[in-house]
Amino acid sequence: MRMTGNDRTPTPTDSRYRTLLDVSSAMVEQPTVKAVVRSFRRVLSSSCRLHGAHLYVLGSNEESLHLLEFDREADAPAIKIGTKISRIGEVARVLEDLEPVFLPDVSQEMFKHPDLAPFAPESVGRPTYMFPVSTFQQRYGILVVTKDRGQEFVTEDVELLRSLASHVAVALECALARDSAELYQRQVVKERDRLRLLLEINNHIVSKLDINELFRSASASIRTYFRNDFTGFWLIDKQSNHLECIVLDFPSGKGSLTAVLKSELSDTDHGRLRAHVPELLSVEEIEMLPAGIVERLKAESIASMAIAPMSTAGRPLGLITMGSRRPNNFGQEDLDLLSQISNQIALAVDNAIAYGRVTEARDRLEEERLYLESEIRSEYSFEDIVGKSAALRKVLDQIAIVAPTGSTVLLHGETGTGKELFARAIHNRSPRRERTFVRLNCAAIPSGLVESELFGHEKGAFTGALIQKRGRFELADHGSLFLDEIGDISLDLQPKLLRALQEQEFERLGSTRTIQVDVRLIAATHRDLQSMIRNNQFREDLFYRLNVFPIEIPPLRERREDISLLVHYFVLRASRQMQKRIRSVPKQAMDALANADWPGNIRELENFIERCVILTPGEELNVPRAGLKRAATRSVASGAATFEQAERQVIIDALKAASGKISGRGGAAERLGLKRTTLQNKMRKLDVSRDDYSA
């Protein structure tokens, strides 16, 4: 009977080939070398029964090996992954000769290795083979295969296991190559992200002139890369010796860190900043910070920090801080990168500081230029003093005498007499005429803001002080400062003004730095300052400092011969502005104008003439006589009383009705429907004293 190929009985060689094919298939199916090793006993169960298989891989120094993976019976010694053995004895022989080594009793070899010695008693009598795991180019380690007591390795088993060890070496080589490629790819991605971050920071530096905008943009880029919770940019304030947080980027913060936006610097802190040594702070190191800072960092659950100083040419400028709620979130590579960023930003900060100095000087010149232009465009100039009366000539003679000196001048006169014109005349005839003439109406500004207007303020000095501002004294340096309505300055501010006039120095609001100036003061008022002194509303020493050279400005009713000249001047100017051709003023109209009382003085005359020009359709000025008569009637009926006099009388009557009581139930403030403070301010402004209502 003839047998076909399909009926042939399998030989041992066929079984080994089948097993090798199964192992190759298993390696293809398993994703990692560890998975391949873990399937050893299952794949070999049909041809070779094993008690255990252990894969040891050489370390980087090739002097020791560690256990990478195993596949063993439940009763085998519980040797852990990572257990190390030395390259000695039979282990060394396998790696050097690249030939299998048979151990009749593996326990004898285990006693040579400290990490395996405790497991040796459990392995007594177990036969073991050690196979080299290597390729043509590289030795990777050894494969240790153990059988149970009483079992033997036959020649077919050894050949099969040698082939399997070669397969494992190839798989291990592929796995290491894949791991190396993945590691390289991660490094490339990380380097790409690092360079991208540095490029972003550089772009921010180039495109952001404002340092605050630069910090905000840089913090967003830093947060994207480092995945940190907060970023802080700190600069040194040399004047206050404080480290001030300019920008704190903490989107998920609870606000606890806002209380530590300023920190005083010690000599040790200065030394560390000059040394430019970046730091990593763990939870334990954060605990060593000042108690107030630690408390607020704990409130925000900050568990790790990175700090990089900013400095240029050995000069410390500040630092960058990063914080994270995850422990050990930052490593040395992160710190090195943050240090690079700090170097980039430090150059930008140094340039910004230099730019700020240049900008400050430029802005100062620009402010003076704009102020001068606005003054030039003003409706008044020295040439606008019109008249030839004796009263006016007397004032001009006094101006000619005092103008060349640097003495303080006090102009006194009724409202509307043109005190500012005479102040300009003094400045224009003085050696300071090439410098700035600065004016301030003390009555036109709320009392709380007068100090800021006079002396300036620093950024953050009070609510709403968003930028630094230079005061009128600084603008008028080496020029003239005209303070109109000087009698309206509050008692609290008068000593500071006196000091500024006497010492020619002051401090801005919110600053301790003393500023020296050279300013000539020209003051003006319509009030009776000596009466205010008697009522404790004006300081006597300040009055004497202002009253060096007093000039009395005459009202219009005392210089009636100038009225016709002023009428023609105002008619000409107003008609030009309105593009009209008014050539004459009727004689009767001019006589009426010259004989009017003009309680508002030149200002009232000017406004009345402007109304006349508006009402004039032809070439002859149309003067509404009824307007002049009503003004005269009001003047006679009120006994030349002004609105302020009427208001003063109402307040006095209310105080008398309240028996002198200002606030509270039935007080004058309640009767007038005013706040207590408003009534007191009006009383000071209108010179209402106790003598006026206590009688």
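Residues numbered from 1 in each chain as written. Predicted model: local features only at pLDDT ≥ 70, side-chain atom pairs only at ≥ 80, totals over all residues. Heavy atoms only, no water.

## A few points about the overall build of the protein
Part 1 of the argument: Counting its secondary structure elements, the protein contains 26 helices and 21 strands.
Part 2 of the argument: The 695 residues of the protein split such that 43% are buried.
Part 3 of the argument: On the protein, roughly 37,100 Å² of surface is accessible, and the fraction owed to carbon and sulfur atoms is 52%. (Helix = DSSP H or I, 4+ residues; strand = E, 2+ residues; numbered from the N terminus. Buried < 20%, exposed > 50% of the residue type's maximum accessible area, 1.4 Å probe, protein only. Areas by Shrake-Rupley, 256 points an atom, 1.4 Å probe, with all protein chains shown as cover.)

## Observations regarding the sheet that holds strand 10 (residues 279-281)
Part 1 of the argument: What the six strands build is an open sheet, ordered 9-8-7-12-11-10; its pairing is antiparallel. The strands lining the two open edges of the sheet, one partner per strand, are strand 9 (262-264) and strand 10. Adjacent strand axes in the sheet meet at a mean angle of 25° when their direction is disregarded.
Part 2 of the argument: For strand 7 (residues 230-237) and strand 12 (residues 315-324), the ladder comprises six bridges, and the chain directions are antiparallel. Bridge pairing links Leu235 to Gly318 in strand 12.
Part 3 of the argument: Where helix 7 (residues 211-226) meets the sheet, it contacts strand 7, strand 8 (242-249) and strand 12, and its direction lies at approximately 60° from that of strand 8. (Pairing = 2+ DSSP bridges. Axes fitted to C-alpha atoms, helices over the stretch in contact; angles between N-to-C directions. Contact = heavy atoms within 4.5 Å.)

## What about empty space enclosed by the protein?
Part 1 of the argument: Per the counting criterion, the structure on display carries two cavities of 30 Å³ or more.
Part 2 of the argument: Here the largest cavity defines a volume of roughly 260 Å³.
Part 3 of the argument: Lining the largest cavity are 21 residues, with Ile79, Val106, Met110, Val144 and Thr146 sitting closest to its centre.
Part 4 of the argument: Among the secondary structure elements, those contributing two or more residues to the lining of the largest cavity are strand 1 (52-58), helix 5 (106-110) and strand 6 (139-146). (1 Å grid on protein atoms, 1.4 Å probe; cavity = no way out; pocket = protein on both sides within 12 Å on 5 of 7 lines; lining within 4 Å. Points joined across faces, edges and corners; volume = space filled by probe spheres on them.)

## Brief notes about the packing of aromatic side chains
Part 1 of the argument: Considering all chains together, one arrives at 14 aromatic pairs under this definition.
Part 2 of the argument: Taken together, a centroid distance of 6.2 Å and an interplanar angle of 20° make the contact between Phe437 and Phe482 stacked. Taken together, the positions of Phe437 in strand 14 (residues 437-441) and Phe482 in strand 17 (residues 480-484) put the pair 45 residues apart, joining distant regions of the chain. Each member of the pair, Phe437 as well as Phe482, is classed as buried.
Part 3 of the argument: The interplanar angle of 20° and the centroid separation of 5.5 Å between the aromatic rings of Phe455 and Phe473 together place this pair among those described as stacked. Here the residue Phe455 occupies a position in helix 14 (residues 447-455), and Phe473 occupies one in helix 15 (residues 472-475), the gap between them amounting to 18 residues. As far as the burial class goes, Phe455 and Phe473 line up, both buried.
Part 4 of the argument: Linked through ring pairs, Phe102, Tyr129, Phe131 and Phe153 together constitute an aromatic cluster.
Part 5 of the argument: The ring centre of Phe70 lies 3.6 Å from the NZ or CZ of Arg72, which sits over that ring. (Phe/Tyr/Trp six-rings, centres within 6.5 Å; stacked < 30°, edge-to-face > 60°. Lys NZ or Arg CZ within 6 Å of the ring centre and 35° of its normal.)

## Focus: the nonpolar core
For soluble globular proteins, the rule of thumb is that nonpolar side chains tend to be buried together.
Part 1 of the argument: Ranked by size, the top nonpolar core spans 33 residues in total, and within it Phe473, Leu483 and Ile486 carry the most contacts.
Part 2 of the argument: Residue assignment for this core shows that the elements contributing at least two residues are strand 14, helix 14, helix 15, strand 17, helix 16 (494-503), strand 20 (520-525), helix 17 (529-534) and helix 18 (540-546).
Part 3 of the argument: Here the element with the most residues in this core is helix 16; it accounts for four residues.
Part 4 of the argument: Discounting chain neighbours no more than four positions away, the residues touching Phe473 are Leu454, Phe455, Leu481, Leu497, Ala500, Leu501, Phe506, Val517 and Val519. (Core = buried A, V, L, I, M, F, W, Y, C linked by side-chain atoms within 4.5 Å.)

## Here we look at the pattern of salt bridges
Part 1 of the argument: Tallying each qualifying case throughout the model produces 32 salt bridges.
Part 2 of the argument: When the shortest N-O distance is used, the salt bridge between Lys682 and Glu647 registers 2.8 Å. Separated by 35 residues along the polypeptide, Lys682 in helix 25 (residues 676-685) and Glu647 in helix 23 (residues 643-657) bring together distant segments of the chain.
Part 3 of the argument: The class of Lys682 is partly exposed, set by a relative accessible area of 28%.
Part 4 of the argument: Linked by salt bridges that have partners in common, Glu458, Arg470, Glu474 and Arg508 make up one network. (Salt bridge = Lys/Arg side-chain N within 4 Å of Asp/Glu carboxyl O.)

## Considering the pairing of strand 11 (residues 304-312)
Part 1 of the argument: With nine of nine residues buried, strand 11 lies mostly within the body of the structure.
Part 2 of the argument: The alternating pattern of strand 11 places Ser304, Ala306, Ala308, Met310 and Thr312 and Met305, Ile307, Pro309 and Ser311 on opposite faces, both of which are buried.
Part 3 of the argument: Note that strand 10 and strand 11 share three bridges and pair antiparallel. What sits directly across from Glu279, in strand 11, is Ile307.
Part 4 of the argument: With nine bridges joining them, strand 11 and strand 12 adopt antiparallel strand pairing. Paired with Thr312 across the strands is Arg315, a residue of strand 12.

## Regarding the sheet that holds strand 3 (residues 84-86)
Part 1 of the argument: Spatially, the six strands line up as an open sheet ordered 3-2-1-6-5-4, and their pairing is antiparallel. The sheet terminates laterally at strand 3 and strand 4 (101-103), the two strands that pair on one side only. In this sheet, adjacent strand axes meet at a mean angle of 30° when their direction is disregarded.
Part 2 of the argument: Across the sheet, helix 6 (residues 155-207) touches strand 1, strand 2 (64-72), strand 5 (128-134) and strand 6, and the angle it forms with strand 5 is around 40°.

## Brief notes about the packing of helix 19 (residues 563-577) against helix 20 (residues 587-595)
Part 1 of the argument: Running from amino to carboxyl end, helix 19 crosses helix 20 at an angle of 115°, the nearest separation of the two axes being 9 Å. Like other packed secondary-structure pairs, helix 19 and helix 20 cross with a definite hand, here right-handed. From helix 19, Ile563, Ser564, Val567 and His568 reach across to helix 20, where they touch Met590, Leu593 and Ala594.
Part 2 of the argument: Broken down by class, the residue content of the contact of helix 19 with helix 20 amounts to five nonpolar, two polar and no charged. (Left-handed = near helix turned anticlockwise from the far one by under 90°. Nonpolar A, V, L, I, M, F, W, Y, C, P; charged D, E, K, R; others polar.)

## A closer look at the side chain of Asp71
Part 1 of the argument: Note that Asp71 resides in strand 2.
Part 2 of the argument: Residues in contact with Asp71, not counting those within four places in the same chain, are Val37, Arg38, Ser39, Phe40, Arg41, Arg42, Gly52 and Ala53.

## Topic: unusual backbone geometry
Part 1 of the argument: Its identity is not glycine, yet Asn328 carries a phi of approximately 50°, on the positive side.
Part 2 of the argument: Residue position: Asn328 is located in the loop between strand 12 and helix 11 (332-376).
Part 3 of the argument: Its relative accessible area of 64% is what places Asn328 among the exposed residues.
Part 4 of the argument: A positive phi is found at Gln579, a non-glycine position, where the angle reads about 55°.
Part 5 of the argument: Summarising the element assignment, Gln579 is placed in the loop between helix 19 and helix 20.
Part 6 of the argument: A residue is classified by how much of its surface remains accessible, and Gln579, at 73% relative accessible area, is exposed.

## Digging into helix 19
Part 1 of the argument: With 15 residues, helix 19 extends 21 Å from end C-alpha to end C-alpha; this agrees with the ideal 21 Å at 1.5 Å per step.
Part 2 of the argument: Restricting attention to buried positions, one finds in helix 19 the residues Ile563, Leu566, Val567, Phe570, Val571, Arg573, Ala574 and Ser575.
Part 3 of the argument: Considering only its buried residues, helix 19 is in contact with helix 20 and helix 21 (601-615).
Part 4 of the argument: A positive backbone phi angle near 55° is found at Gln579, which sits one or two residues after helix 19. (Expected span 1.5 Å × (residues − 1).)

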